[in-house]
Amino acid sequence: MNPQSSAIALAPQPLSTLSVSGLGWSLLGVAAFSLTVPLTRVAVEALPPLFIGSGRAVVAATLALLALAVTRQRLPQGVQWLRLLVVGAGIVVGFPLLTSFALVTVPASHGAVIIAVLPVTTAVAAVLRGHERPPRAFWVVAGAGALAAVLFASVQSGGAVRLQWADLLLFGAVVAAAIGYAEGGLLARELGAWQTVSWALVVCAPLMVLLALRSAPNGVGEASPVQWAAFGYLGVVSMFLGFFAWYRGLAIGPMARVSQVQLVQPVLSIAWAVLLLGEDIAATTVLGGLVVILCAGSAVRTRVA
């Protein structure tokens, strides 16, 4: 039985023991992803959220299929197809659809703070996937980060323990993305970085095409050129090119250390929300974001140590 045919085989080693290049690639991916939340907020003002979440995947899957065909990539083998389904369920289906529906009703800066818990959630997913035994401090700080995000959402919704429906969607998107990131980072060491996200897009393409056709707007004129440009960015960069860099960084590794770069993403997303959307950032947003980022950073660093 070879490593590619066994679901319990040991994960391949990182592509390099040097993390400098891995951090650079990951930072490039995070910079691309940082515009996802603000531009989704722009697009949902005129386009149906279901169309945005599924249509961007169709755009990316078309590019992926062309890239795979032109370069004549080998087909995934055996259990790799199931692992691609896991990756696709997280980053192709789960995160785009859930965030699109959530950002219909909440500001981009609010969504960025909730999504700031993604680094620690990714670290937890990697720990569980790799059957690691991190120190107790990891779980304490990870729990503190999740609690901080919940408290922030509760305060923003005006209740002590009451969460908006959009917040639940955002938390679901974080869990979906974390699973897709962790599994995709491991699979990228076998299939390649851009090949992994490309195959995941192709695997999920039939479902996303059906959803996009069902929810497509009646005409191009229903949205402004700026909103269509935002949709285009989500399909070409957020769903495709950004993952080239992100999975390349995770594959080079070490994954736990490289994933710390995600801590920059909510800061950039909030900055874009101010610059592009003119959102007013309240003190609670700044405080909530700082607490969540500090907890996430502490958890990831504890695991690395």
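Up top is the structure these notes are about.
Residues numbered from 1 in each chain as written. Predicted model: local features only at pLDDT ≥ 70, side-chain atom pairs only at ≥ 80, totals over all residues. Heavy atoms only, no water.

Q: Could you clarify how one ought to interpret the overall build of the protein in this entry?
A: For the protein, the count of helices and strands is 13 helices and zero strands. When the elements of the protein are put in sequence order from the N terminus, they spell out α-α-α-α-α-α-α-α-α-α-α-α-α. In the protein, buried positions account for 55% of the 305 residues. Counting only contacts in the protein whose residues sit at least 6 apart along the sequence, the fraction spanning at least 24 positions is 89%. Surface exposure of the protein reaches about 13300 Å², of which carbon and sulfur atoms provide 70%. (Helix = DSSP H or I, 4+ residues; strand = E, 2+ residues; numbered from the N terminus. Buried < 20%, exposed > 50% of the residue type's maximum accessible area, 1.4 Å probe, protein only. Contact = heavy atoms within 4.5 Å. Areas by Shrake-Rupley, 256 points an atom, 1.4 Å probe, with all protein chains shown as cover.)

Q: Teacher, can you tell me more about the environment of methionine 208 here?
A: The residue methionine 208 is located in helix 9 (residues 193-215) in this model. Assessed through its relative accessible area of 0%, methionine 208 is described here as buried. Separated by 150 residues in sequence, methionine 208 and valine 58 have C-alpha atoms that sit 6.2 Å apart.

Q: Explain the packing of aromatic side chains here, please?
A: By convention here, two paired aromatic rings are described through the distance between centres and the angle between planes. Summed over all chains, the structure comprises 10 aromatic pairs. Between phenylalanine 33 and phenylalanine 243, the aromatic rings sit 4.9 Å apart at their centres with planes inclined by 55°, giving tilted as the arrangement. Placement of the pair is phenylalanine 33 in helix 1 (residues 20-33) and phenylalanine 243 in helix 10 (residues 225-252), with a sequence separation of 210 residues. Considered together, phenylalanine 33 and phenylalanine 243 belong to a single accessibility category, that of buried residues. For the pair tryptophan 228 and phenylalanine 231, a centre-to-centre distance of 5.8 Å together with 90° between the ring planes defines the contact as edge-to-face. Taken as a pair, tryptophan 228 and phenylalanine 231 lie in helix 10 at a separation of three residues, close to a single helical turn. Residue classification places phenylalanine 231 among the buried positions, given a relative accessible area of 8%. The structure contains a cluster of three or more aromatic residues connected by ring pairs, namely Phe33, Tyr181, Phe243 and Trp246. (Phe/Tyr/Trp six-rings, centres within 6.5 Å; stacked < 30°, edge-to-face > 60°.)

Q: Mind showing me how you'd approach the environment of leucine 168 here?
A: Within the fold, leucine 168 resides in helix 8 (residues 165-191). For the pair formed by leucine 168 and leucine 98, sequence separation is 70 residues and the distance between their alpha carbons is 9.1 Å.

Q: Would you mind going over the pattern of salt bridges with me for this structure?
A: Two side chains of opposite charge can pair, provided their charged atoms sit close to one another. Applying the stated criterion across every chain, the model contains three salt bridges. Where glutamate 183 meets arginine 83, a salt bridge forms, and the shortest distance between an N and an O atom there is 2.6 Å. Taken together, the positions of glutamate 183 in helix 8 and arginine 83 in helix 4 (residues 79-102) put the pair 100 residues apart, joining distant regions of the chain. As far as the burial class goes, glutamate 183 and arginine 83 line up, both buried. (Salt bridge = Lys/Arg side-chain N within 4 Å of Asp/Glu carboxyl O.)

Q: What am I meant to see in the packing of helix 5 (residues 108-115) against helix 8 here?
A: Two measures define how a pair of helices packs: the angle their axes make with one another and the distance between the axes. Axis separation between helix 5 and helix 8 bottoms out at 9 Å; the angle between their running directions is 45°. The angle between helix 5 and helix 8 places the two elements in the oblique class. Two packed elements cross with a definite hand, and for helix 5 against helix 8 that hand is right-handed. Mapping the contact onto sequence places His110, Gly111, Ile114 and Ile115 in helix 5 and Asp167, Leu170, Phe171 and Val174 in helix 8. When grouped by side-chain class, the residues that make up the contact of helix 5 with helix 8 number five nonpolar, two polar and one charged. (Axes fitted to C-alpha atoms, helices over the stretch in contact; angles between N-to-C directions. Parallel < 35°, antiparallel > 145°, perpendicular 65-115°, else oblique. Left-handed = near helix turned anticlockwise from the far one by under 90°. Nonpolar A, V, L, I, M, F, W, Y, C, P; charged D, E, K, R; others polar.)

Q: Even after reading the chapter, I still don't get the side chain of serine 109, so can you show me in this structure?
A: One can find serine 109 in helix 5. Assessed through its relative accessible area of 5%, serine 109 is described here as buried. Those residues in contact with serine 109 that sit more than four places away from it in its chain are Ile270, Ala273, Glu279, Ile281 and Thr285.

Q: Would you mind showing me how to read helix 5 here?
A: Since the α-helix turns once every 3.6 residues, residues separated by three or four places project in the same direction. Counting buried residues in helix 5 gives eight out of eight residues, a clear majority hidden from the surface. Taken residue by residue, helix 5 has Ala108, Ser109, His110, Gly111, Ala112, Val113, Ile114 and Ile115 as its buried positions.

Q: What should I look at first to understand the nonpolar core in this one?
A: Here is a general trend for soluble globular proteins: nonpolar side chains tend to be buried in one another's company. Counting 74 residues, the largest nonpolar core has Ile91, Val92, Tyr181, Leu201, Phe243, Trp246 and Tyr247 as its most contacted members. For this core, the leading source of residues is helix 8, giving 13 residues. Counting 12 residues, the second-largest nonpolar core is a separate cluster that includes Leu35, Ala43, Ala230 and Leu234. (Core = buried A, V, L, I, M, F, W, Y, C linked by side-chain atoms within 4.5 Å.)

Q: Explain the packing of helix 2 (residues 36-43) against helix 12 (residues 264-277) to me, please; I cannot follow it from the model alone.
A: For the pair helix 2 and helix 12, the least separation of the axes is 8 Å and the interaxial angle reads 40°. On helix 12, the residues that touch Pro38, Leu39, Arg41 and Val42 of helix 2 are Ser269, Trp272, Ala273, Leu276 and Leu277. Residues belonging to the contact of helix 2 with helix 12 are distributed by class as follows: seven nonpolar, one polar and one charged.

The analysis is restricted to geometry; functional conclusions fall outside its scope.
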